[in-house]
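So you can see what is in the structure, the chains are spelled out below.
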Amino acid sequence: MTQLGLPDTIQACLFDLDGVVTKTAVVHAAAWKETFDAFLRDHEGREARPFDEIDDYDEYVDGRPRADGVRSFLASRGIHLPEGAPDDPPDAATVHGLGNRKNDLLLERIRTGGVEAYEGTLRYLDAVRAQGLRTAIVSSSANCRDVLRAVGAEHYFDVRIDGVVAAERNLPGKPHPDTFLAAARDLGVEAARSAVFEDALAGMDAGRAGGFGYVVGVDRVGQTDALYAHGASIVVKDMAELGGKQ
């Protein structure tokens, strides 16, 4: 293992955004809860079981493209909506309408509360770059670039594969490995020589399915066992545990 806590065969590091680089996973979960709880009350009445910000979020929406998250969660409740169109208004009772409602709520929370980066991750990125490893950000979020700019972290990454790029290239999102594989290709590094850094169970599945050389699970919410079960090579609570001090 290197001083970065990685196998010495690793030449590239592929980082998820929310929950790994930035403290936005909890903001996403809150926006999903507000969206789904309002929908469920309208659909099923006051007795509707609310969206759980830990269990439902981890299992059905975390790490997935927005529309996939809507479909996955609603299917768990036996609900199926028309797809609609990507530009559906946020009050439309469609998959895209609900997704757009969630995105509006997320952006409002970011505007009012701001965004922070995990300092341990930024220090680790400094060390990774100093060692000459290539880096990519891989996120299902269409707001990835704006969030990186908000925390002054865009310069850390040689390649960005986010929700916008995935749509342009028609790449399926996590738990499929395609976005991570695209990032490795753009960096010119084989998957087997790339490390994935993820906090989402769907991201663990993608790392395992893609045949990546090392999959680091970042546990911010107490799901270490689940991260290992979904394919983590190692689980840390903060990137500083891997080393990388300069």
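Here's what I pulled together on the structure shown here.

The rules we used
- Residues numbered from 1 in each chain as written.
- Predicted model: local features only at pLDDT ≥ 70, side-chain atom pairs only at ≥ 80, totals over all residues.
- Heavy atoms only, no water.
- Patch = residues over 30% accessible without salt bridge, like charges linked within 9 Å, V, L, I, M, F, W, Y side chains within 5 Å.
- Areas by Shrake-Rupley, 256 points an atom, 1.4 Å probe, with all protein chains shown as cover.
- Salt bridge = Lys/Arg side-chain N within 4 Å of Asp/Glu carboxyl O.
- Lys, Arg positive; Asp, Glu negative; His and termini not counted.
- Charge placed at Lys NZ, Arg CZ, Asp CG, Glu CD.
- Helix = DSSP H or I, 4+ residues; strand = E, 2+ residues; numbered from the N terminus.
- Buried < 20%, exposed > 50% of the residue type's maximum accessible area, 1.4 Å probe, protein only.
- Contact = heavy atoms within 4.5 Å.
- Pairing = 2+ DSSP bridges.
- Axes fitted to C-alpha atoms, helices over the stretch in contact; angles between N-to-C directions.
- Parallel < 35°, antiparallel > 145°, perpendicular 65-115°, else oblique.
- Left-handed = near helix turned anticlockwise from the far one by under 90°.
- Nonpolar A, V, L, I, M, F, W, Y, C, P; charged D, E, K, R; others polar.
- Phe/Tyr/Trp six-rings, centres within 6.5 Å; stacked < 30°, edge-to-face > 60°.
- Lys NZ or Arg CZ within 6 Å of the ring centre and 35° of its normal.
- Expected span 1.5 Å × (residues − 1).

**Observations concerning a negative patch on the surface**
A cluster of acidic side chains, namely D52, E53, D55 and E59, defines a negative patch on the protein surface. In this structure, E59 sits in helix α2 (residues 55-61). Taking the relative accessible area as the measure of exposure, E59 reaches 41% and is therefore partly exposed.

**Section: the side chain of D62**
Looking at the secondary structure, you find D62 in the loop between α2 and α3 (66-76). K174 provides the closest opposite charge to the buried, salt-bridge-free D62, at an N-O distance of 7.8 Å. The residues contacting D62, other than those within four sequence positions of it, are Y57, D199, A200 and A202.

**With respect to unusual backbone geometry**
Cis geometry marks the peptide bond from K174 to P175, where omega comes out at 15°. Structurally, P175 can be placed in the loop between α7 (163-169) and α8 (178-187).

**Considerations on the sheet that holds strand β6 (residues 234-236)**
Backbone-to-backbone hydrogen bonds pair the strands of a sheet. The strands run either parallel or antiparallel. Taken in spatial order, the 6 strands make up an open sheet running β3-β2-β1-β4-β5-β6, and their pairing is parallel. Of all the strands in the sheet, just β3 (159-161) and β6 have a single pairing partner and so form its edges. Within the sheet, the average angular offset between the axes of one strand and its neighbour, ignoring direction, is 20°. Of the pairings in the sheet, the one linking strand β1 (residues 12-15) to strand β4 (residues 194-198) comprises 4 bridges and is parallel in character. Residue pairing in the sheet places C13 in a bridge with A195 of β4.

**Brief notes about the packing of helix α1 (residues 25-44) against helix α4 (residues 95-113)**
At their nearest, the axes of α1 and α4 sit 9 Å apart, and the two run at 135° to each other. In this view, α1 runs oblique relative to α4, as classed from their interaxial angle. Of the two elements, α1 crosses α4, and the hand of that crossing is right-handed. Contacts between α1 and α4 pair V27, H28, A30, A31, W32, E34, T35, F36 and F39 from the former with L98, R101, K102, L105, L106, R109 and I110 from the latter. Residues that form the contact of α1 with α4 fall into these classes: 10 nonpolar, 2 polar and 4 charged.

**A look at the pattern of salt bridges**
Should their charged atoms come close, side chains of opposite charge can pair. Within the structure shown, the criterion is met by 18 salt bridges. Between D37 and K33 there is a salt bridge; the shortest N-O distance is 2.7 Å. Here the residue D37 and the residue K33 both occupy positions in helix α1, the gap between them amounting to 4 residues, near one helical turn. Its relative accessible area of 11% is what places D37 among the buried residues.

**Looking at the packing of aromatic side chains**
Taken as a whole, this structure holds 9 aromatic pairs when the rule is applied. Grouped by ring-pair contacts, the aromatic residues W32, F36, F51, Y60 and F73 constitute a single cluster. The ring of Y118 has R220 sitting right over it, with the charged end atom 3.5 Å from the ring centre.

**Some thoughts on α4**
Owing to its 3.6 residues per turn, the α-helix brings residues three or four apart onto one side. A rise of 1.5 Å per residue sets the reference length of α4, with its 19 residues, at 27 Å; its end C-alpha atoms lie 27 Å apart and thus fit the reference within 8%. Against the buried residues of α4 lie α1, α3 and α6 (144-150). Looking at the residues trailing α4, positive phi occurs at G114, about 75°.

**Concerning the packing of α1 against α3**
Two elements in contact, α1 and α3, have axes separated by 12 Å at closest approach and are oriented at 45°. Viewed along their axes, α1 and α3 adopt a mutual orientation that is oblique. As α1 packs across α3, the resulting crossing turns out to be right-handed. Residues W32, F36, F39 and L40 of α1 pack against R66, G69, V70, F73 and L74 of α3. For the contact of α1 with α3, the residue count by class is 7 nonpolar, 1 polar and 1 charged.

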